[in-house]
Amino acid sequence: MKVGVIGCGRWGTLLAWYLHSIGHSVTLYGREGSKNMQRLLNERRNDLLTLDESIVLTTSIESVCEAEVILISIASQSLRRLMSELQLLSLRHKTVVLCMKGLEVGSGERLSVIAKGVLDSTCRVAVWLGPGHVQEFYAGHPSCMVIDSEWEETTKWLADAFSGDLIRFYYGTDLIGNEIGAAAKNVIGIAAGILDGLGLETLKGALMSRGAAEIARLIGAMGGHEASAYGLCHLGDYEATVFSRHSHNRRFGEAFIKGEACEGLAEGCETVRALMTLSRRYQVELPICEAVYRIIHEKADAAQELGALFGRERKREALYERHI
């Protein structure tokens, strides 16, 4: 199929490289003023991979939107602005796949809701989520990921079309749970980095078990399936986020504690703001997310916050009682 990719960062470029490798016709779009795009135009490569000559590179958003399927891979807080640009193009009968993980600050809105609210009713919106790092994919290390949407036939069509030896896709059946879980795992990643920075790696087991339970409660309150928190989009992504040296969110948390600079986008920094909005709206306690928020955005003492967090009163989680 003809696929357009909007976003020429590491992940967007990897998507173009991967989809071309499994036989699709790919056009990659980047803004004319983007340093990433200028390097791709001049060298057809970035620091990690080289693009085949048959992948079309363009700085015209109109050109990339001629594709049957449009993938978007940009910073989550920039999505609404991009959708405003796309709205001017009056797109019809397109399938738009959001390949990013986050929630809108202020509104707490899921990204698929933002996109669907702008696009014509003839368009379909899906999400591509799950564990994986560009470095590992380009090195040939396989992973399993998820495609989800409100339309079962769209979900299955995309998952089948995009599956290959490198990435095997599962059919998602809970758009709310998968989007919330995927966004929130970045906050858990920052928490893991904070533990690393404090030399408290041994608490990661408690972080993972309690983190998944915490996000499951929020997913359930929002109308999703609590079990989604234990799938590929959240718990299944912990290895790549909580432990991996490639995880921007984990690295950010560690660097923040050590007072060091950290390059690369850590989506969890903004996502945790949105999660605080959802915590209030749905009256769900999110103690790990709140601790991260206070440490990052209110400059609270990290050791004190984590001491209070992991020293909370012992009690049996209601989540588990319902499943026993």
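Only a predicted model underlies this, so the values are computations on that prediction, with no experimental measurement involved. (Residues numbered from 1 in each chain as written. Predicted model: local features only at pLDDT ≥ 70, side-chain atom pairs only at ≥ 80, totals over all residues. Heavy atoms only, no water.)

Colleague: Please provide a residue-by-residue account of unusual backbone geometry, values included.
Modeller: Residue Arg 44 is not a glycine yet carries a positive backbone phi of 60°. Summarising the element assignment, Arg 44 is placed in the loop between helix 2 (35-43) and strand 3 (56-58). Positive phi, close to 55°, is recorded for His 93, a residue that is not glycine. Tracing the backbone through its elements, the reader meets His 93 in the loop between helix 4 (79-87) and strand 5 (95-98). (Helix = DSSP H or I, 4+ residues; strand = E, 2+ residues; numbered from the N terminus.)

Colleague: Before we move on, could you go through the packing of helix 9 (residues 204-221) against helix 13 (residues 287-297) and cite the residues and values that matter?
Modeller: One can describe the packing of helix 9 onto helix 13 by two numbers: an axis separation of 8 Å at closest approach and a directional angle of 105°. It follows from the interaxial angle that helix 9 and helix 13 lie roughly perpendicular. Taking contact as the criterion, the partners of Leu 207, Arg 210, Gly 211, Glu 214, Ile 215 and Arg 217 in helix 9 are, on helix 13, Pro 287, Ile 288 and Cys 289. (Axes fitted to C-alpha atoms, helices over the stretch in contact; angles between N-to-C directions. Parallel < 35°, antiparallel > 145°, perpendicular 65-115°, else oblique. Contact = heavy atoms within 4.5 Å.)

Colleague: Tell me about the confidence of the model for the protein, residues and numbers included.
Modeller: Here the protein averages 93 in pLDDT, while 96% of its residues score no lower than 70. Across residues 316-324, confidence stays below pLDDT 50; counting only partners more than four residues off in sequence or on other chains, it has 12 contacts. (pLDDT = per-residue confidence, 0-100.)

Colleague: Please set out the pairing of strand 7 (residues 143-149) residue by residue, giving values where relevant.
Modeller: Taken across its seven residues, strand 7 has six buried, putting it largely inside the fold. Taken together, the four bridges between strand 6 (residues 124-129) and strand 7 define a ladder with antiparallel strand orientation. Bridging across to strand 7, Val 127 finds its partner in Asp 148. Where strand 7 meets strand 8 (residues 167-171), five bridges bridge the pair, whose relative direction is parallel. Residue pairing in the sheet places Cys 144 in a bridge with Arg 168 of strand 8. In terms of handedness, the path from strand 7 via helix 7 (residues 152-162) over to strand 8 forms a crossover that is right-handed. (Buried < 20%, exposed > 50% of the residue type's maximum accessible area, 1.4 Å probe, protein only. Pairing = 2+ DSSP bridges. Right-handed = clockwise from strand over helix to strand, strands pointing away.)

Colleague: Explain the nonpolar core to me, and be specific about the residues and the numbers.
Modeller: Ile 180, Leu 218, Leu 275 and Cys 289 are the most contacted members of the largest nonpolar core, which totals 41 residues. Of all the secondary structure elements, the ones that give two or more residues to this core are helix 8 (175-197), helix 9, helix 10 (238-243), helix 12 (268-282), helix 13 and helix 14 (302-310). Of all the elements, helix 8 adds the most residues to this core, at 11 residues. Not counting residues within four places of it along the chain, the set of residues in contact with Cys 289 comprises Val 187, Glu 214, Ile 215, Val 272, Leu 275 and Met 276. With 35 residues, the next largest nonpolar core counts Val 5, Val 69, Trp 128 and Ile 147 among its residues. (Core = buried A, V, L, I, M, F, W, Y, C linked by side-chain atoms within 4.5 Å.)

Colleague: Quick one: what's the story with the packing of helix 8 against helix 13, residue by residue and with numbers?
Modeller: Helix-helix packing is described using two parameters, namely the angle between the two axes and the distance between the axes. The contact between helix 8 and helix 13 brings their axes to 10 Å, and the two run at 65°. In the crossing of helix 8 with helix 13, the sense of the turn from one axis to the other is left-handed. Where helix 8 abuts helix 13, its residues Val 187, Ile 188, Ile 190, Ala 191 and Ile 194 lie against Ile 288, Cys 289, Val 292, Ile 295 and Ile 296. Of the residues that constitute the contact of helix 8 with helix 13, the class distribution is 10 nonpolar, no polar and no charged. (Left-handed = near helix turned anticlockwise from the far one by under 90°. Nonpolar A, V, L, I, M, F, W, Y, C, P; charged D, E, K, R; others polar.)

Colleague: Account for the side chain of Lys 204, naming residues and giving values.
Modeller: Within the secondary structure layout, Lys 204 lies in helix 9. The contact partners of Lys 204, leaving out residues within four places of it in the chain, are Ala 192, Leu 195, Asp 196, Val 242, Phe 243 and Arg 250.

Colleague: Summarise empty space enclosed by the protein; cite the residues concerned and give the values.
Modeller: Counted according to the given criterion, the structure contains two cavities of 30 Å³ or more. Its boundaries defined by the atoms lining it, the largest cavity holds a volume of some 60 Å³. Leu 98, Met 100, Lys 101, Gly 102, Leu 111, Val 127, Leu 129, Glu 179 and Ala 183 together form the lining of the largest cavity. Sorting the residues of the lining of the largest cavity by element identifies strand 6 and helix 8 as the ones contributing at least two each. The class makeup of the residues in the lining of the largest cavity is six nonpolar, one polar and two charged. As for the second largest cavity, its lining consists of Ala 191, Ile 194, Leu 195, Leu 207, Ile 288, Ala 291, Val 292, Ile 295, Leu 306, Leu 309 and Phe 310. Of all elements in the fold, only helix 8, helix 13 and helix 14 reach the threshold of two or more residues within the lining of the second largest cavity. With four residues, the single largest contributor to the lining of the second largest cavity is helix 13. (1 Å grid on protein atoms, 1.4 Å probe; cavity = no way out; pocket = protein on both sides within 12 Å on 5 of 7 lines; lining within 4 Å. Points joined across faces, edges and corners; volume = space filled by probe spheres on them.)

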